Each structure stands twice: as structure tokens, then as C-alpha cells.
Amino acid sequence: MNHNQTEQLVACPECDRLYRWLDIPPDAKASCSRCRVELYRHVPDSLTRSLAWYVTAFMFLCIANLMPFLSMSAVGLERRNLMMSGALALAEFGMPELGVLVFCTSIGFPLLTIAGMLWLLIPACFGRLAWGAEFCYRWVHHLSPWSLLGVFMLGTLIAFVKLQDLAAVSPGPGLFAFAGMLLAYTAGRAAFSPEVFWSLKKVSRRRSVGGPHIRCHICGLVLAHGDHHCPRCESRVHHREQGSLEKTAALTLAAAIMFIPANLFPIMMVSKLGQGHPDTILSGVISLMQGGMFGLALIVLFASIIVPLLKLVVLTFLIYTVHKGVRWRPRDRTLLYRLTEVVGAWSMVDIFLVGLLSGL
Ligand SMILES: [Zn+2]
Ligand SMILES: [Zn+2]
């Protein structure tokens, strides 16, 4: 930690409480005393370590995409598929939007994120700021929440287990490489310290001693109130979302309304022996159960009905209590909110699953 950081302010990314930067021992982390979110951690050799992990992740990513992912053999026929086969199959079956979604979240965004981090970290390890670092950093920040690698991995494992009943399925080298990439990518993210990275760029800030402050949403720099532009990552700085409660309420209501037709109208056609009939989500779950595929039925039920329903209930509860200014257990309610955020992405698991199954 250099001198620049010692006199720096840190604001909690979630509740905005202001702290002075303190040096902490290696591998320790500092958390907000009010909402318990992590503020920063001290990773020794953060940039070099992070670079090593991202290089590993990049190599695994190439292998995962070029080598066979799953291979299936039944009645003497062997089929191999690649990681992108699922997305291609969805597009072929007349669901190009879904195919693009699967492609972006499992291959496109992870590739862009890893490439972006390499672009930032290679020069940074030599003490230099990359060309276009501000632009690149902002994009990595926006894209990385959409890299649903863990969710894709779960979908793959379920597809793998389920297909065992029907045919001899064996994992290809691509699948092992994908698991390796998931680990290396997670480790790279954990090792990266934004503060150490941005200490490469010297910025002059207006200090407002004792005055109100504002935190850059992208890089975390604490600025004097009234600044509209972050000098460090060059993003536009704004206050907490204007009318965020109203917006959330409107979007939650829209989601609740759409949730009804999504469950009442047919969502897919299941063709069995040439005969197709339309299926709603629930009847799909029931026919999966009748077919003896209880595990798969539970996953679809959980990912497509229970998780969205729980999210709607929790969000409605949070909006109501915040609107009424209820002071009941703020820390637990924050936890509840974070839970909906984490769980949300896992609703994608059955889409990945459908993609993988139709890819074979
Ligand atoms: Zn906080
Ligand atoms: Zn910034």
C-alpha cells in the first residue's frame, strides 16, 4: 500500500457510509460496520496474481471452446458436441433470441471480460496504464455480472446426469477445461484489487473536508459533492438512482403481470414419437414427473416458477417496507435483497439445460 492510499476515503458501495482507508494485514478484508458488505481486501501482489489467473482462464476458455464438450453414444452412434452447440441448436429450432442469450452469457461475455482484464493487467504489471484503460474498465464492470459461468456449469452437470439414463454420456476435454476456467476466473476476480490498479493513475480531486461526498459507481473513487465526472475511470457520476423506489415498483408490477400469462399459456411444444402438444411450464413439469424424471422436473419447477415467484414476493415486501419507512431489521432486509440478486441469475439454469439437451 502506498502513501496515496493511506489518506484516501472509502465509501460503502451499498449504504454510502464513509470510511478512512486503513492499511490492513495481508489477506484480511475490511467490511462496512453498518451493512457488512466488503469494502476492500488486501491481496499481496494483487495485479500479478490476478493476471496469472486470468491468463490461465483464457487458455482454459480456448480449450473449452475448441475441444468436444460432451460426447454421447447410443445404439452404436456417437455424437460429440461443442460448447456452442447448445446456442446453435436453440437458434436452429427457431429460438434465435434464446440462442444469442445463451451464447453471450456462456461464451461471449466471459471472453470479453477475460480479454478486457488481460488488456488492463498486462501493462499494469509493468507499472503502466493500458491504452483506453478507462473505457475498458467500465465495460468489464458492466459485462462481468452477465457472465453466468457457474450457472452454465450447473446446467451442464444436470444435463450430464440426466442423459446418463438415456445413453452413455462422457465428458469431453472441453468440459474439464470449462471447469478449470470457472475456477481460474473466480480466483482472478477475487485477487484483483481496484485500488491497487487505479493507483497507477494519479488524479487530482477537489477535497471537501467534512462536506458531502459522492462515490463513483464504477471504480469506487470518493469525490466531492457536485462533481459530475469521475477523473479516474471517466464515467459519469450520479447520485443514487433518481426515483429508484418508483422504478423498482413499476418494474416489479410489470414482472408480476407478465408472470401470469407466462404460466398460463403454452411455453413449449414437446414432441414425442412425432406427436406434439403444447405445454405450459407447470404441465411440462408434470409430464417430466410422469416420465420419471423427477430431478429435472424439480429443477424446472424451482428455476422457472419458485425462484421468480419468491423474487416478486421479496421485492414487493422490500418496496413496501422502504416506502412506509419501516425500521424493522435493516440488516436482515439487506441480506434478503442480496439473496434475490444472487439467486436471480440461477433462473437461467433451465435455459442452459434446454440448450445443452437440444445440442446433443
Ligand atoms: Zn454499508
Ligand atoms: Zn470512477
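See the structure shown above.
Residues numbered from 1 in each chain as written. Chains lettered and ligands numbered in written order. Predicted model: local features only at pLDDT ≥ 70, side-chain atom pairs only at ≥ 80, totals over all residues. Heavy atoms only, no water.

Caption draft 1: The arrangement of the sheet that holds strand S5 (residues 70-74) in detail. Pairing within the open sheet is antiparallel, and its 3 strands lie in the order S6-S5-S7. Single-partner strands in this sheet number two, and they are strand S6 (77-81) and strand S7 (168-171). Pairwise comparison of adjacent strand axes, ignoring direction, gives a mean angle of 15° for this sheet. The sheet contact formed by S5 and S7 spans 4 bridges and is antiparallel. Looking across to S7, one finds that Met 72 is bridged to Val 169. Against the sheet, helix H6 (residues 149-163) engages S5 and S7, with an angle of about 150° to S7. (Pairing = 2+ DSSP bridges. Helix = DSSP H or I, 4+ residues; strand = E, 2+ residues; numbered from the N terminus. Axes fitted to C-alpha atoms, helices over the stretch in contact; angles between N-to-C directions. Contact = heavy atoms within 4.5 Å.)

Caption draft 2: Quick peek at the packing of aromatic side chains. Within the structure shown, the criterion is met by 13 aromatic pairs. Taking the centre distance of 5.7 Å and the plane angle of 45° together, the rings of Phe 192 and Phe 197 count as tilted. Members of the aromatic cluster, connected to one another through ring pairs, are Phe 69, Phe 152, Phe 178 and Phe 352. (Phe/Tyr/Trp six-rings, centres within 6.5 Å; stacked < 30°, edge-to-face > 60°.)

Caption draft 3: Examining the coordination of the zinc ion (ligand 1) more closely. Around the zinc ion (ligand 1), the donor atoms from the protein are Cys 12 (SG), Cys 15 (SG), Cys 32 (SG) and Cys 35 (SG), and they sit 2.2 to 2.3 Å away. Coordination of the zinc ion (ligand 1) draws on donor residues from a single chain, spaced C-x2-C-x16-C-x2-C in sequence. (Donors = N, O, S within 2.8 Å, 3.2 Å for Na, K, Ca; no water.)

Caption draft 4: Region of the structure containing helix H13 (residues 349-359). Buried within H13 are the following residues: Val 349, Asp 350, Phe 352, Leu 353, Gly 355, Leu 356 and Gly 359. Buried residues along H13 sit against S6, helix H3 (85-92), helix H4 (96-125), H6 and helix H11 (294-323). (Buried < 20%, exposed > 50% of the residue type's maximum accessible area, 1.4 Å probe, protein only.)

Caption draft 5: Region of interest: the coordination of the zinc ion (ligand 2). Summarising the metal site, the zinc ion (ligand 2) is bound by the protein donors Cys 216 (SG), Cys 219 (SG), Cys 230 (SG) and Cys 233 (SG), whose distances to it range over 2.2 to 2.3 Å. Considering all 4 donor atoms around the zinc ion (ligand 2), angles at the metal cover 103 to 113° and the coordination shape is tetrahedral. Read in sequence order, the donor residues coordinating the zinc ion (ligand 2) give the pattern C-x2-C-x10-C-x2-C. In this pair, Cys 219 is assigned in the loop between strand S8 (213-215) and strand S9 (222-224) and Cys 233 in the loop between S9 and helix H9 (244-264), connecting sequence segments 14 residues apart. Since its relative accessible area comes to 0%, Cys 233 is described here as buried. (Tetrahedral: all angles 85-135°; square planar, octahedral: opposite > 155°, others 65-115°.)

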